[in-house]
Amino acid sequence: MLVSILHRVTGDGMATVGTFLFVWWLAALAGGPSTYAQFLDIFTLQSGALNVPGYIFGVGLTFAFFQHMASGIRHLLLDTGAGYELKSNKLWAQSTMLASVVLTIAYWAYLLAGK
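What counts and how
Residues numbered from 1 in each chain as written. Predicted model: local features only at pLDDT ≥ 70, side-chain atom pairs only at ≥ 80, totals over all residues. Heavy atoms only, no water. Helix = DSSP H or I, 4+ residues; strand = E, 2+ residues; numbered from the N terminus. Rg over C-alpha atoms; globule rule 2.2 N^0.38 Å. Buried < 20%, exposed > 50% of the residue type's maximum accessible area, 1.4 Å probe, protein only. Contact = heavy atoms within 4.5 Å. Areas by Shrake-Rupley, 256 points an atom, 1.4 Å probe, with all protein chains shown as cover. Lys, Arg positive; Asp, Glu negative; His and termini not counted. Charge placed at Lys NZ, Arg CZ, Asp CG, Glu CD. Patch = residues over 30% accessible without salt bridge, like charges linked within 9 Å, V, L, I, M, F, W, Y side chains within 5 Å. Salt bridge = Lys/Arg side-chain N within 4 Å of Asp/Glu carboxyl O. Phe/Tyr/Trp six-rings, centres within 6.5 Å; stacked < 30°, edge-to-face > 60°. Expected span 1.5 Å × (residues − 1).

Looking only at helices and strands, the protein chain has four helices and zero strands in total. Counting from the amino terminus, the protein chain carries its helices and strands in the arrangement α-α-α-α. For a compact globule of 115 residues, the expected C-alpha radius of gyration is about 13 Å, and the protein chain comes in at 18 Å, more than 25% above that figure. With the C-alpha coordinates aligned to their principal axes, the bounding extent of the protein chain is approximately 55 × 30 × 20 Å. The proportion of buried residues among the 115 residues of the protein chain is 24%. Nonlocal contacts in the protein chain, meaning residues at least 24 apart in sequence, comprise 63% of its contacts between residues at least 6 apart. Counting every atom, the protein chain has about 7800 Å² of accessible surface; 73% of that belongs to carbon and sulfur. Here the protein chain contributes 5 positively and 4 negatively charged side chains, and the mean placements of these two sets differ by 10 Å.

Structure, rendered in structure tokens:
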């Protein structure tokens, strides 16, 4: 049940937050160089300074993406008729949680190692 709820929440969250960030980015572009520079200061690593709001949005959206993707793959396998037994269904559900956390950590470790 948790994985199903998370699948819906992450999908809605990515759509809502992603739309908000996309509109903010477009408004920053339209606002000129100084407005766009402020946007970049929030969402990128400028001059080696850690920017907490940018990382919160970034890690949150990355986790939501990987959770939604893993859960979607699980649902795709369930659509084939496989994995409805209680033990295998629970294993696949737990695997989606583990995969999303591991993939998020690996992705951000890769990003931060390049900086």
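Looking now at a nonpolar patch on the surface. Residues Phe65, Met69, Ile73, Leu77, Trp92 and Leu103 make up a contiguous nonpolar surface patch of roughly 530 Å² in combined accessible area. Of all the secondary-structure elements, those providing two or more residues to the nonpolar patch are helix 3 (52–79) and helix 4 (86–113). Examined against the element boundaries, Leu103 turns out to sit in helix 4.

To continue, consider the packing of aromatic side chains. Using the criterion set out here, one finds eight aromatic pairs in the structure. Centre to centre, the rings of Phe20 and Trp24 are 5.7 Å apart; their planes meet at 50°, and the pair counts as tilted. Separated by four residues within a single helix, Phe20 and Trp24 lie in helix 1 (residues 2–31), roughly one turn from each other. Through successive ring pairs, a cluster of aromatic residues spans Tyr55, Phe65, Phe66, Tyr107 and Trp108.

Each full turn of the α-helix corresponds to 3.6 residues, which orients residues three or four apart in the same direction. In a regular helix each residue adds 1.5 Å, so 30 residues correspond to 44 Å; helix 1 covers 42 Å between its end C-alpha atoms and thus fits that length. Where helix 1 is concerned, the buried positions are Val3, Leu6, His7, Thr10, Gly11, Leu21 and Ala28. Tucked inside the fold, the buried residues of helix 1 contact helix 2 (33–43), helix 3 and helix 4. Downstream of helix 1 by one or two residues, Gly32 has phi in the positive range, about 110°.

Moving on: the side chain of Ser71. Structurally, Ser71 is set in helix 3. Not counting chain neighbours up to four residues away, the residues in contact with Ser71 comprise Val3, His7 and Thr96.

Remember, this is a structural readout, not a statement about activity or role.
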